[in-house]
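A closer look at the structure
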Amino acid sequence: FGRMKPVIVVHGGAGRIFKEREEGSRAGVVRAALRGYDILKQGGSALDAVEEAVRSMEDDPHFNAGCGSVLNEKGEVEMDAIIMDGKTLDSGAVSAVKCIANPIKLARLVMEKTKHMLLTDRGARLFAQAMGIPETPGEKLITERSRERWRKNLEPDSNPEEFQKDLGTVGAVAIDSEGNVACATSTGGLSNKLIGRVGDTACIGSGGYADNHSGATSTTGHGESIMKVVLARLILYHMEQGLSPEMAADTALDYMKTRVGGLGGVIVVNNSGEWAARFSTKQMSWATVKDDQLHCGIYAGERHTKSVDEALIFESEGF
């Protein structure tokens, strides 16, 4: 029953990454992947690894999750997150949560401390208080960029659709040395969305899915399209039919594009440790670590590789 070689894959969102933000996005996914891998390397669980990787990106203002989330129509941050355990199919999610720094932590607590899978808005806030999670003033989560963008979208001739291109949902999937898989996804949603809008991220099977029998996936892109095809579960279905992670991802993304005109991106790991990072948008920042090798990219067909040791030195010196 040999021990599995652990693998982690992370994404920082599919869409269009503006030139001046590329470096930060790349550094952010690399840092998240290294942190998650460190946990796996020490024999930690896939669940802990994906939670830590996503938390790292929630704390990074380059991404649309946690600090740096986009604003809804009223200029507030409302966030969604999900985590799932491939061993038991247990999952925890929160939607439309405000004033907490790390929605992914709250999702994990929903999974472990309640009999439920999804808490929303006020109920999620009460639960966070009961769990002793400190409130973060809403302003603390708002970056100048998010506010700027919100203002632009309010202008009468604006087209929020145009601005949705750089979505920046974050996610992670992993397999640990025990062979358990897990996924985690977190987002601030769509800019200038209606109050109470919940996208794919908090929905099991859409924003993410993990099952030891096949693998784990986390998605990003146009939430309503992802929900229509239940994208995460669809990818695992294709893997159950014998497709490789890459083929399964491409097949599902292709279906979403032709059937509902939706674009997105996904990261996948199967139960034998093969991985993929695929997208139908212009770009998606992603990083993965397997066999002490770090791979990362943003553009289609782009892949940089270096050893983890090299990456860690790079990391400590700053990019």
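Criteria and thresholds
- Residues numbered from 1 in each chain as written.
- Predicted model: local features only at pLDDT ≥ 70, side-chain atom pairs only at ≥ 80, totals over all residues.
- Heavy atoms only, no water.
- Core = buried A, V, L, I, M, F, W, Y, C linked by side-chain atoms within 4.5 Å.
- Buried < 20%, exposed > 50% of the residue type's maximum accessible area, 1.4 Å probe, protein only.
- Contact = heavy atoms within 4.5 Å.
- Pairing = 2+ DSSP bridges.
- Helix = DSSP H or I, 4+ residues; strand = E, 2+ residues; numbered from the N terminus.
- Axes fitted to C-alpha atoms, helices over the stretch in contact; angles between N-to-C directions.
- UniProt positions renumbered as here; feature names shortened; annotations may be inferred.
- Phe/Tyr/Trp six-rings, centres within 6.5 Å; stacked < 30°, edge-to-face > 60°.
- 1 Å grid on protein atoms, 1.4 Å probe; cavity = no way out; pocket = protein on both sides within 12 Å on 5 of 7 lines; lining within 4 Å.
- Polar contact = N/O pair within 3.5 Å; in protein donor to acceptor, adjacent residues only side chain to side chain.

A few words on the nonpolar core. The nonpolar side chains of soluble globular proteins are, as a tendency, buried together. Core analysis: the largest hydrophobic core is formed by 52 residues, its most contacted members being Ile8, Val10, Ile83, Leu106, Ala287 and Val289. In contact with alanine 287, other than residues within four places in its own chain, are Ile8, Val9, Val10, Val29, Val30, Ala33, Leu294, His295 and Cys296. Residues Val229, Ala232, Ala252 and Met284 belong to the second largest nonpolar core, which totals 33 residues.

Quick look at the sheet that holds strand β9 (residues 264–270) now. As summarised here, the arrangement of the four strands in space is β7-β8-β9-β10, forming an open sheet in which the pairing is antiparallel. At either end of the open sheet lies a strand with only one pairing partner, and these are β7 (208–211) and β10 (275–279). Averaged over all adjacent pairs, the angle separating strand axes in this sheet is 10°, with direction ignored. Note: β7 against strand β8 (residues 215–221), four bridges, orientation antiparallel. Paired with alanine 210 across the bridge in β8 is alanine 216. Helix-sheet contacts for helix α9 (residues 231–240) involve β7, β8 and β9, and the interaxial angle to β8 is about 140°.

Another aspect to go through is the UniProt feature "active site" (unreviewed entry) in the protein. As recorded in UniProt, the feature "active site" (unreviewed entry) lies at Thr169. In this fold, threonine 169 is placed in the loop between α7 (160–163) and β5 (170–175). Among the residues examined, threonine 169 registers a relative accessible area of 6% and is labelled buried. If sequence neighbours within four positions are ignored, threonine 169 has contacts with His11, Gly12, Gly13, Asn64, Thr185, Ser186, Thr187, Thr201, Thr219 and Thr220.

Across the sheet, which stays open at both edges, the nine strands sit in the order β4-β3-β2-β6-β5-β1-β11-β12-β13 with mixed pairing between neighbours. The open sheet has two free edges, formed respectively by β4 (118–120) and β13 (304–307), since each of these has just one partner strand. Strand after strand, the sheet turns through a mean of 10° between neighbouring axes, direction not considered. The pairing of strand β1 (residues 7–15) with strand β11 (residues 283–290) spans seven bridges and is antiparallel. For isoleucine 8, the partnering residue across the bridge sits in β11 and is valine 289. Docked against the sheet, helix α2 (residues 46–58) engages β1, β2 (79–85), β5 and β6 (181–187), running at close to 160° with respect to β5.

A full pass over the atoms with the stated rule returns one aromatic pair. Considering the side-chain rings of tryptophan 275 and tryptophan 286, the 5.5 Å spacing of their centres and the 40° angle between planes classify their relative orientation as tilted. Pair noted here: tryptophan 275 is in strand β10 and tryptophan 286 is in strand β11, with a separation of 11 residues, a long-range link. For the pair shown, tryptophan 275 and tryptophan 286 are each scored as buried.

Listed under "binding site: substrate" (unreviewed entry) in the UniProt record, and renumbered for this structure, are Arg197, Val198, Gly199, Asp200, Thr220, Gly221, His222 and Gly223. Residues from the annotated list that form part of the lining of the second largest cavity: Arg197, Gly199, Asp200, Gly221 and Gly223. Glycine 199 gets classed as buried once you look at its relative accessible area, which sits at 1%. With residues near it in sequence (within four places) discarded, glycine 199 still touches Asp80 and Met227. Structurally, the position occupied by threonine 220 is in strand β8. For threonine 220, a relative accessible area of 1% corresponds to the buried category. Contacts of threonine 220, omitting those with residues within four sequence positions, involve His11, Gly13, Ala14, Thr169, Ile226, Gly264, Gly265 and Met284. Polar contacts involving the side chain of threonine 220 include one to the main-chain amide nitrogen of alanine 14, which spans 2.9 Å.

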